[in-house]
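Coordinate analysis (summary)
Here are the chains, one letter per residue:
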Amino acid sequence: MVPEDKRKQLEELYETSFALYQASGPDRGRVHAIWWERDDDDDPLGVMELLATDIGGYVSRLVDRRKFDDLEEAIPHLRRMVVLDDPTLQRFGREHAGEYPDLMRYLQILETIRCEAIAILEAARASRA
């Protein structure tokens, strides 16, 4: 069971992420145009979208259901879904962060949400023990 204060905090972060995602639209458009021309496999937007979908799935389950049944699978999976330390996103940030500030803010909140979700799941696991 997710404590209400933690659930509310995660919900607020998740809502903020939607606003930041929308604000990053122009940045995403420019990045898409550049990487489309490159025909590059290291597309930062593709990596970002996969991570956002997976992390968002966990977060929405925590926010909406307020419980989580498969903790032993979810925690390691979330730990592997690094955002800012993903090699493609890390390289993108190092080389282009100043050009795409709204996109970088979105990536930062996505990482924050991931870490908060892990903390909630770990606390839930500890309370079961």
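Given the structure is predicted, the values throughout are model-derived calculations rather than measurements.

1. A look at the packing of helix H3 (residues 44–65) against helix H5 (residues 87–96)
Put simply, H3 and H5 touch, their axes get as near as 9 Å, and they point 125° apart. By the angle class used here, H3 and H5 are oblique. Considering only the axes of H3 and H5, their crossing is left-handed. Mapping the contact onto sequence places Pro44, Val47, Met48 and Leu51 in H3 and Thr88, Leu89 and Phe92 in H5.

2. Describing the pattern of salt bridges
One pass over the full model with this rule turns up nine salt bridges. Among the salt bridges present, the one from Arg114 reaches Glu111, with a minimum N-O distance of 2.8 Å. Taken together, the residues Arg114 and Glu111, both in helix H6 (residues 101–128) and three residues apart, mark about one turn of the helix. Assessed through its relative accessible area of 13%, Glu111 is described here as buried. Here the residues in one salt-bridge network are Glu4, Arg7, Lys8 and Glu11, joined through shared partners.

3. Side note on the environment of Thr112
Within the secondary structure, Thr112 is located in helix H6. For Thr112 and Ala123, which are 11 residues apart along the polypeptide, the C-alpha to C-alpha distance reads 17 Å.

4. Describing H5
Along H5, the residues classified as buried are Thr88, Leu89, Phe92, Gly93 and His96. For H5, the buried positions fall inside an angular range of 130° around the axis, keeping them on one side. Facing away from the buried side of H5 by more than 90 degrees, the exposed set consists of Pro87 and Arg94. Structurally, the start of H5 carries an N-cap: the backbone nitrogen of Thr88 is 2.9 Å from a side-chain oxygen of Asp86.

5. Thoughts on the confidence of the model for the protein
Mean pLDDT over the protein works out to 90, with 94% of the residues at or above the 70 mark. In the model of the protein, helix H2 (residues 25–38) stands out as the element of lowest mean pLDDT, 85, in contrast to helix H1 (residues 4–23), which has the highest, 94.

Each value, and the rule that gives it
- Residues numbered from 1 in each chain as written.
- Predicted model: local features only at pLDDT ≥ 70, side-chain atom pairs only at ≥ 80, totals over all residues.
- Heavy atoms only, no water.
- Axes fitted to C-alpha atoms, helices over the stretch in contact; angles between N-to-C directions.
- Helix = DSSP H or I, 4+ residues; strand = E, 2+ residues; numbered from the N terminus.
- Parallel < 35°, antiparallel > 145°, perpendicular 65-115°, else oblique.
- Left-handed = near helix turned anticlockwise from the far one by under 90°.
- Contact = heavy atoms within 4.5 Å.
- Salt bridge = Lys/Arg side-chain N within 4 Å of Asp/Glu carboxyl O.
- Buried < 20%, exposed > 50% of the residue type's maximum accessible area, 1.4 Å probe, protein only.
- Arc of directions from axis to C-beta.
- Polar contact = N/O pair within 3.5 Å; in protein donor to acceptor, adjacent residues only side chain to side chain.
- pLDDT = per-residue confidence, 0-100.

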